[in-house]
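Chain residues, written in single-letter form:
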Amino acid sequence: MNAVRYGTPQAFLDAAEPFLLRDEAGHNLLLGIPARLAARGVRAGRGAGPGAAAGVYLATAVHGGEIAAAAMMTPPWRLVLSHTASADAVRCIAEDVRTVRPLPPGVHGPDLIAAEFVEVWERLTGEPARPVVRERIHRLDEVRPVPAVGGHHRRAEEAERALLLEWLSAFAAEAFGDDRRPPNEAESVVDSRLGSPTEGLVLWHDGGPRCLAGYAGPTRHGIRIGPVYTPPEHRNRGYGTACVAELSRLMLARGRRFCMLFTDLANPTSNRIYRRIGYEPVCDVAEYRFLRP
């Protein structure tokens, strides 16, 4: 088993996409993020030269000419791991990532794979890890009928930037608690979504904005929905359900075969709501933060 690194996101996709498409919904981050980087002309590496991005890591574990696992890191975000049936592949990626600078702040991947990586990482580096969140990836192929509510959904506008920043910051605080998030995370999301033809933010409007939902990370056949946030004063009125249902319907109408989203397993309400819309579980994933001085 040996690790193979790729100098560009497109080279990574050319090599790893057939492997990743075996579970397109489960691998939506590993497919969608490199595709976005490739469209921007970003290269992997330490930032030397035009188009390079410091610390971007794109790699696979290969055995007998076959890819057994894939991994990606786009600082300041955590390392993202694919599904794999090989413990050797997990160890191979961990040994390779240990030589990367900056080191990953944590790891995100399928439940058992992430836990196995954490064990290997602690043996290699002495760094323990703390679980941040456990999530479930869902997939929707058809939107089910949902109760009607007042209002309609519309694309968010640049003039609403202050509101978008406020709501996205509140979402992060609620979803991740005191876990340290990358600086200016909300600003980065707003900038990328408002200025992109393939990503965006929408608001449910009923006498004023009531709920926020986003879409991003298109893969070959799907697109990821999220984040989704309703301020406390507007909850329990069906706005979030209606907004996600209408946004999902729009994405399918635009030619996507399916939509995907992440839910927090600690929030049974959101899991129940999305199932009602038509989202079905695909797999569970876990996110850890490494504890280092």
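What you are looking at is a predicted structure, and each value in this text was computed from that prediction instead of being measured.

Asker: Please explain helix α1 (residues 9-20) as it appears in this structure.
Answerer: An α-helical segment advances 3.6 residues per turn. Residues three or four places apart therefore align on the same side. For α1, spanning twelve residues, the distance from its first C-alpha to its last is only 14 Å, which falls clearly below the expected 16 Å at 1.5 Å a residue. Where α1 is concerned, the buried positions are Pro9, Phe12, Leu13, Ala16, Phe19 and Leu20. Each buried residue of α1 lies within a common arc of 130 degrees when the element is viewed along its axis, so the set occupies one face. In α1, the exposed positions angled more than 90 degrees off the buried face are occupied by Asp14 and Pro18. Of the surrounding elements, those touching the buried residues of α1 are α2 (28-39), β2 (57-63) and β3 (66-73).

Asker: So what exactly am I meant to see when it comes to the packing of helix α7 (residues 239-253) against helix α8 (residues 268-277) here?
Answerer: In helix packing, the relevant descriptors are the interaxial angle and the interaxial distance, both defined with respect to the helix axes. Close contact between α7 and α8 brings their axes to 10 Å; oriented N to C, the two are set at 45 degrees. In terms of orientation, α7 and α8 fall into the oblique class. Considering only the axes of α7 and α8, their crossing is right-handed. When α7 is examined against α8, the residues Thr241, Val244 and Ala245 are found in contact with a partner set consisting of Ile273, Tyr274 and Ile277. Looking at the contact of α7 with α8, its residues break down into five nonpolar, one polar and no charged.

Asker: Can you help me understand the pattern of salt bridges in this one?
Answerer: Proximity of charged atoms lets side chains of opposite charge pair with each other. One pass over the structure, following the stated rule, counts 18 salt bridges. Across the pair Arg220 and Glu17 runs a salt bridge whose closest N-O atoms are separated by 2.8 Å. Taken together, the residues Arg220 in the loop between β9 (209-216) and β10 (222-229) and Glu17 in helix α1 connect sequence positions 203 residues apart. One salt bridge in this structure joins Arg275 and Glu280, with 3.3 Å as the shortest N-O distance. Exposure remark for Arg275: the relative accessible area of 38% places this residue in the partly exposed category. Among the residues examined, Glu280 registers a relative accessible area of 30% and is labelled partly exposed.

Asker: Even after reading the chapter, I still don't get the packing of helix α5 (residues 161-176) against helix α6 (residues 185-194), so can you show me in this structure?
Answerer: With their axes 9 Å apart at the nearest point, α5 and α6 run at an angle of 130 degrees to one another. Looking at the two axes, α5 sits oblique to α6. With respect to the hand of their crossing, α5 and α6 are arranged in right-handed fashion. Of the residues in α6, those touching α5 at Arg161, Leu164, Leu165, Leu168, Ser169 and Ala172 are Glu185, Ala186, Glu187, Val189, Val190, Asp191 and Leu194.

Asker: Whenever I open this one, the environment of Gly177 confuses me. Can you help?
Answerer: Mapped onto the elements, Gly177 comes out in the loop between α5 and α6. Between the C-alpha atom of Gly177 and that of Val132, which follows or precedes it by 45 residues, the distance is 8.9 Å.

Asker: Please explain the nonpolar core as it appears in this structure.
Answerer: Soluble globular proteins tend to bury their nonpolar side chains together. Counting residues in hydrophobic clusters, the biggest one holds 26 residues, and the most contacted among them are Tyr57, Leu79, Leu81, Ile93, Val107 and Phe117. Elements that contribute at least two residues to this core include exactly β2, β3, β4 (79-81), α3 (87-97), α4 (111-125) and β12 (280-290). The residues touching Ile93, leaving out its near neighbours within four places in the chain, are Tyr57, Thr60, Ala61, Ala71, Leu81 and Phe117.

Asker: Would you explain the sheet that holds β12 in this entry?
Answerer: Remark on secondary structure: sheet strands pair via backbone hydrogen bonds, oriented parallel or antiparallel. Taken in spatial order, the twelve strands make up an open sheet running β1-β2-β3-β4-β5-β12-β6-β11-β10-β9-β8-β7, and their pairing is mixed. In this open sheet, the two strands that pair with only one neighbour each are β1 (2-5) and β7 (152-155). Taken pair by pair, the neighbouring strands of this sheet meet at an average axis angle of 25 degrees, ignoring direction. Pairing of strand β6 (residues 129-140) with β12 involves ten bridges; the strand directions are antiparallel. Its bridge partner lying in β12, Arg136 is registered against Asp284. Along the sheet face, α1 touches β2 and β3 and points at about 130 degrees away from the line of β3.

Calculation rules
Residues numbered from 1 in each chain as written. Predicted model: local features only at pLDDT ≥ 70, side-chain atom pairs only at ≥ 80, totals over all residues. Heavy atoms only, no water. Helix = DSSP H or I, 4+ residues; strand = E, 2+ residues; numbered from the N terminus. Expected span 1.5 Å × (residues − 1). Buried < 20%, exposed > 50% of the residue type's maximum accessible area, 1.4 Å probe, protein only. Arc of directions from axis to C-beta. Contact = heavy atoms within 4.5 Å. Axes fitted to C-alpha atoms, helices over the stretch in contact; angles between N-to-C directions. Parallel < 35°, antiparallel > 145°, perpendicular 65-115°, else oblique. Left-handed = near helix turned anticlockwise from the far one by under 90°. Nonpolar A, V, L, I, M, F, W, Y, C, P; charged D, E, K, R; others polar. Salt bridge = Lys/Arg side-chain N within 4 Å of Asp/Glu carboxyl O. Core = buried A, V, L, I, M, F, W, Y, C linked by side-chain atoms within 4.5 Å. Pairing = 2+ DSSP bridges.

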